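# Breakdown of the fold
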Amino acid sequence: MINSVKLIFSLLIVFASGSVHAQKKKEAGGLSGLKQQAVKDIDSRYLQYKDIALAIWEHAELGYKEVKSSTLLQKVLSENGFTVEAGVAGIPTAFVATYGSGQPVIGILAEFDALPGLSQQAIPEKSPAPGRSSGHGCGHNLFGTASVAAGIELKQLIDQYKWKGTIKVYGTPAEEGGSGKVYMVREGLFKGVDAVIHWHPGDENAVWLEGALANKSAKFRFYGTASHASSAPDKGRSALDGVEAMNNMVNMMREHIPSSARIHYVITQGGKAPNVVPEFAEVYYYSRHPNREIVKDIFDRIAKAAEGAALGTGTRTDHEIVGGTHDILLNKSLAEVMHKNMVLVGGVSYSAEEQEFARKLQAGFGFAAPPVSDAGIIKPYDRPLPESIGSTDVGDVSWNVPTVGMAAATWVPGTPAHSWQAVACGGTEIGTKGMMVAAKAMTLTAIDLFNDPAMLKKAMIEFELARGENFQYTPLLGDRKPALNYRD
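Basis of the calculations
- Residues numbered from 1 in each chain as written.
- Predicted model: local features only at pLDDT ≥ 70, side-chain atom pairs only at ≥ 80, totals over all residues.
- Heavy atoms only, no water.
- Pairing = 2+ DSSP bridges.
- Helix = DSSP H or I, 4+ residues; strand = E, 2+ residues; numbered from the N terminus.
- Axes fitted to C-alpha atoms, helices over the stretch in contact; angles between N-to-C directions.
- Contact = heavy atoms within 4.5 Å.
- Core = buried A, V, L, I, M, F, W, Y, C linked by side-chain atoms within 4.5 Å.
- Buried < 20%, exposed > 50% of the residue type's maximum accessible area, 1.4 Å probe, protein only.
- pLDDT = per-residue confidence, 0-100.
- Polar contact = N/O pair within 3.5 Å; in protein donor to acceptor, adjacent residues only side chain to side chain.
- Expected span 1.5 Å × (residues − 1).
- Arc of directions from axis to C-beta.

## Quick word on the sheet that holds strand E12 (residues 316–325)
Taken in spatial order, the 4 strands of this open sheet run E10-E11-E9-E12, and their pairing is antiparallel. Only two strands of the sheet have a single neighbouring strand rather than two, namely strand E10 (262–269) and E12. Taken pair by pair, the neighbouring strands of this sheet meet at an average axis angle of 20 degrees, ignoring direction. Pairing analysis gives 10 bridges linking strand E9 (residues 214–223) to strand E11 (residues 280–289), with the strands arranged antiparallel. For Ser-217, the partnering residue across the bridge sits in E11 and is Tyr-286. Packed onto the sheet, helix H8 (residues 292–313) meets E9, E10, E11 and E12 and runs at close to 10 degrees relative to E9.

Following this line, the structure appears as C-alpha cells:
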C-alpha cells in the first residue's frame with residue numbers, strides 16, 4: 001500500500017510539473033469551437049475516406065496477408081506528413097505512423113484484416129462476391145480508415161495550433177485470431193504512450209464499458225500411419241481418430257469448466273480420401289474466460305486431452321500456440337471523456353434508401369431486431385452491461401497503457417458480427433457513415449486529452465491502481481514469433 005501511495009504521489013508531481021502540456025486554445029470559440037472545426041474538417045474528407053474503406057472492403061485480406069490494405073493506409077498517412085515505420089515487430093503488414101513531438105503521446109489503433117469464408121456482395125440478400133472467399137465480417141475496413149482519419153485531423157490541429165505532443169497511429173494486423181497487437185506490445189512499441197484510443201464497428205453507438213475474454217489458441221496436430229482403409233486397416237493408425245477422440249474428451253470436459261468459459265474448435269485437416277487411413281490431421285482450438293489464469297488452466301487440460309487421445313489411438317501429437325490475448329483493463333476515467341464526445345457527435349442517420357436496405361436485411365435475421373432508428377442513438381453511459389463474450393488483442397494493450405474504446409453503428413441494428421449481413425453493411429454508406437461517427441468521436445476525445453492534463457493524470461492513476469503494484473505483463477502466447485501463416 002505504501003508503494004501504491006508513493007506511485008500516485010509521483011504521478012501527481014510529474015503531471016503537475018508539466019510533462020503533459022496543456023495546450024493554448026488560440027481560436028475564438030475555445031475548445032468547443034475547435035471541436036466544431038474538427039468535425040467539419042473530417043466531414044469535408046468523407047468521400048476520400050469512404051473510397052479508402054471500400055477499397056479495403058474489396059481487398060478483404062486475411063490476417064498477416066493484408067499487404068494491399070496496410071500499404072494503402074500507410075500511403076495515406078505518409079502523404080499527410082506522418083513518419084511511417086513499416087514491418088514492425090517482425091510483421092510485414094504492421095506499422096507505426098508518428099507525427100509531432102513531446103508529451104502527451106496519444107495512440108490510435110487501426111485494424112484492417114478480414115475473415116475467411118464470408119464473401120458477400122453489398123446487397124441485403126445473401127450472395128457471395130464473385131472471385132472472393134473472404135469478407136470484412138467484423139468491419140475492419142472501416143476500423144482502420146476511421147483511425148487514420150482521426151490521426152490526420154489531429155495532425156492538422158497540432159500544426160495549426162502549435163500543440164506540443166505526439167500522435168501515433170498503430171497499424172495492427174491479424175486481430176482475428178492472430179494476436180497482432182500482442183507482438184507489438186511485446187516489442188515495446190507502446191512504451192511512453194500516455195493513452196490509447198480505439199473503436200470497433202457494431203450495430204450500436206456506445207462507449208466500451210464491457211470487458212473481454214482472455215483467449216489462448218493453438219493448432220493440435222496428430223500423426224498416424226497411412227494404409228489401405230479396407231484391405232489393410234490393421235496396418236494403419238488414423239490421425240483423424242486422434243482428432244476425434246480429443247474432441248470427444250474436450251466436449252465431455254465442458255461439463256466441468258466454469259460456466260463463463262468458452263471452448264471452440266474446427267477441424268482444419270482430416271485426411272484426403274476415405275479409403276486411405278489419414279496419416280495427418282489437425283484441429284484448431286480456442287479457449288476463453290474472463291480470467292486469464294483460468295484460460296491457462298483450461299488450455300492445459302485441452303492439451304492433456306490431446307495427449308490422451310494420441311495414446312489411445314496409437315498416434316503422435318504436438319501443438320503450436322497460435323494466439324493468446326489478455327482480458328481488457330477498462331479505464332472509466334477515459335470512458336467518461338469519450339462518452340461525452342460521442343454525445344456531441346451523435347449517431348447515424350439513414351436515408352430513405354438505406355432504411356429500406358436495413359429493413360430487408362433485418363427481415364432475414366430470423367429473430368426480432370431493434371428499430372432501425374436505433375442507429376441514431378448514443379447508448380447511455382450507465383446502461384445495463386452484458387457479460388463479456390468476445391476476445392481481442394486490444395486487451396494486451398490495455399494492460400500496458402490506459403486504453404479507451406467505443407462502438408459505432410456501422411451495421412444495421414441487430415446485425416451479428418462475423419455474419420454476411422455485417423459484410424454487406426460494411427460495403428455501403430450504412431457502414432461508412434458509422435465509420436465517420438467513430439473518426440469524429442476519437443478525434444474529439446484526443447483533443448480533450450491534448451488540452452487537459454488532469455484527464456490523463458486521472459486516467460493514469462486509475463490504471464496503476466487497477467493493475468496493482470506487483471503486476472508484470474506476460475504474453476499468453478509466450479515468446480513465439482508472429483504466426484504469419486496461421487491462416488494457411
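The discussion continues.
## Some details on the nonpolar core
In terms of nonpolar packing, the biggest core is built from 76 residues, with Ile-106 and Trp-199 touching the most fellow members. Considering each element in turn, this core owes the most residues, 13 residues, to helix H13 (residues 429–451). Among the nonpolar cores identified, the runner-up in size contains 57 residues, and Val-196, Ala-239, Val-283 and Tyr-284 belong to it.

## Let's talk about the sheet that holds strand E13 (residues 403–409)
Strand order in this open sheet of 7 strands is E1-E2-E6-E3-E7-E13-E8, and the pairing throughout is mixed. Two strands close off the open sheet at either side, each with one partner strand: strand E1 (83–86) and strand E8 (206–207). Looking at chain direction, strand E7 (residues 195–202) and E13 are connected through 7 bridges and run parallel. Its bridge partner being in E13, His-198 is matched across the sheet by Gly-405. Packing of helix H4 (residues 67–79) onto the sheet brings it into contact with E1, strand E2 (95–101) and strand E6 (165–171), and relative to E2 it is tilted by some 15 degrees. On top of the sheet, helix H9 (residues 332–345) reaches E7, E8 and E13; it is set at about 30 degrees to E13, its chief contact.

## Thoughts on the confidence of the model for the chain
When pLDDT is averaged along the chain, the result is 94; 94% of the residues meet or exceed 70. Scored below 50 in pLDDT, residues 4–21 shows 26 contacts in the model against residues more than four places distant or in partner chains. With pLDDT under 50 throughout, residues 25–29 is counted as low confidence; its partners more than four residues away or in other chains account for 8 contacts.

## Quick notes on the environment of Tyr-161
Along the polypeptide, Tyr-161 turns up in helix H5 (residues 140–161). For Tyr-161, the side chain forms a polar contact with the side chain of Gln-37, separated by 2.7 Å.

## Section: H8
Residues spaced three or four apart along an α-helix point in a common direction, a consequence of the helix completing one turn every 3.6 residues. Helix length check: H8 (22 residues) gives 32 Å between terminal C-alpha atoms against 32 Å at 1.5 Å per residue, within 8%. Of the positions making up H8, those classed as buried are Arg-292, Val-295, Ile-298, Phe-299, Ile-302, Ala-303, Ala-305, Ala-306, Ala-309, Ala-310 and Thr-313. Buried residues of H8 fall within an arc of 150 degrees about the axis and therefore sit on the same side. In H8, the exposed residues that point more than 90 degrees away from the buried face are Lys-304, Leu-311 and Gly-312. Tucked into the core, H8 has its buried residues touching E9, helix H7 (239–253), E10, E11 and E12. The opening residue of H8, the one whose side-chain oxygen lies 2.7 Å from the backbone nitrogen of Glu-293, is Asn-291. Downstream of H8 by a residue or two, Gly-314 has a phi angle that is positive, lying close to 70 degrees.

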